[in-house]
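Listed below are the residues making up each chain.
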Amino acid sequence: AQSVTQLDSHVSVSEGTPVLLRCNYSSSYSPSLFWYVQHPNKGLQLLLKYTSAATLVKGINGFEAEFKKSETSFHLTKPSAHMSDAAEYFCVVSRLSSGGGADGLTFGKGTHLIIQP
Amino acid sequence: DTAVSQTPKYLVTQMGNDKSIKCEQNLGHDTMYWYKQDSKKFLKIMFSYNNKELIINETVPNRFSPKSPDKAHLNLHINSLELGDSAVYFCASSQEFEAFFGQGTRLTVV
């Protein structure tokens, strides 16, 4: 079984300040972890992914995340927020099925990121 | 060149009707999915198809039925629509761990 907990439903930061979106996971096997972003009325876009390689993962638009097995965490960070970062962010855990495809992605409940001017 | 495309983007229909949402992927992936996003933005998997075989079937009403005519398509049929079916439905495909999503279909049942 696998689960994901996003610790904050809303995060508000000022433009130009750092962003931290927190995610903890639970998994009975070595997980693959992702962050997806959803802008208003848009689809889901992959920000970054961890699949058992480097624990510090760099993604698009200046985001990065660090996999910490001891803390079962995969927090998303960005040094300096931009207005265009305002969106819903989802932390996701996945595993391979016997058929080779992802055995369903388990989504966190999302964190709504608000950027103050 | 859209990787995962679904149609229609918006669908407004009356209770009791039957409707379909189509999904196509041009990535050559073996696995396709349907996800439902509720009004609180929570995403939950509904179905998964791998090589045309259903491998995940979450506890969704049997009014919902996925149909895959070939590896590149996974359509979603919904019978006897109810108000509670109003949501955004996302199609996705994957080869290994990563999933690629369509733009979503916003279904509104009135």
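Residues numbered from 1 in each chain as written. Chains lettered and ligands numbered in written order. Predicted model: local features only at pLDDT ≥ 70, side-chain atom pairs only at ≥ 80, totals over all residues. Heavy atoms only, no water.

Caption draft 1: Structural detail: the overall build of chain B. If you tally the helices and strands in chain B, you get zero helices and 11 strands. Each helix (α) and strand (β) of chain B, taken in turn from the N terminus, gives the series β-β-β-β-β-β-β-β-β-β-β. Taking 110 residues into account, the globule formula puts the C-alpha radius of gyration at 13 Å, and chain B, at 13 Å, falls close to it. For chain B, the spread of C-alpha atoms along the principal axes amounts to about 35 × 25 × 25 Å. Looking at chain B as a whole, 45% of its 110 residues are labelled buried. Within chain B, residue pairs in contact and separated by at least 24 positions form 51% of the contacts whose partners lie at least 6 positions apart. Surface summary for chain B: the accessible area is close to 5500 Å², and the carbon and sulfur share equals 48%. For chain B, the distance from the average position of its 12 positive side-chain charges to the average position of its 12 negative side-chain charges is 8 Å. (Helix = DSSP H or I, 4+ residues; strand = E, 2+ residues; numbered from the N terminus. Rg over C-alpha atoms; globule rule 2.2 N^0.38 Å. Buried < 20%, exposed > 50% of the residue type's maximum accessible area, 1.4 Å probe, protein only. Contact = heavy atoms within 4.5 Å. Areas by Shrake-Rupley, 256 points an atom, 1.4 Å probe, with all protein chains shown as cover. Lys, Arg positive; Asp, Glu negative; His and termini not counted. Charge placed at Lys NZ, Arg CZ, Asp CG, Glu CD.)

Caption draft 2: Summary view of the environment of His 112 of chain A. Residues and elements named next belong to chain A. Within the fold, His 112 resides in strand β12 (residues 111–116). Each C-alpha atom, one on His 112 and one on Leu 44, is 14 Å from the other, the two residues being 68 residues apart in sequence. If sequence neighbours within four positions are ignored, His 112 has contacts with Ser 9, His 10, Val 11, Ala 87 and Glu 88. A polar atom in the side chain of His 112 sits 3.1 Å from the side chain of Glu 88. (Polar contact = N/O pair within 3.5 Å; in protein donor to acceptor, adjacent residues only side chain to side chain.)

Caption draft 3: Layout of the interface of chain B and chain A. Listed per partner, the contact involves 23 residues of chain B and 27 residues of chain A. Around 2000 Å² of area is buried between chain B and chain A when both sides are counted, 58% of it from carbon and sulfur atoms. Seen at the junction of chain B and chain A, the total is zero salt bridges. Taken together, the links from chain B to chain A amount to five residue pairs in polar contact (both at pLDDT 80 or more). If you list the elements that add at least two residues to the side of chain B that touches chain A, you get β4 (31–37), β5 (43–50), β6 (53–57), β9 (87–94) and β10 (99–101) of chain B. Counting residues per element, the side of chain B that touches chain A draws most heavily on β4 of chain B, at four residues. (Buried area = accessible area lost by both parts, 1.4 Å probe. Salt bridge = Lys/Arg side-chain N within 4 Å of Asp/Glu carboxyl O.)

Caption draft 4: Seen up close, the nonpolar core. Core analysis: the largest hydrophobic core is formed by 26 residues, its most contacted members being Trp 35, Leu 48, Phe 74, Leu 76 and Tyr 89 of chain A. The leading source of residues in this core is strand β10 (residues 87–94) of chain A, at four residues. Counting residues in each nonpolar core, the second largest holds 19 residues, with Phe 47, Tyr 49, Ala 87 and Leu 107 of chain B among its members. (Core = buried A, V, L, I, M, F, W, Y, C linked by side-chain atoms within 4.5 Å.)

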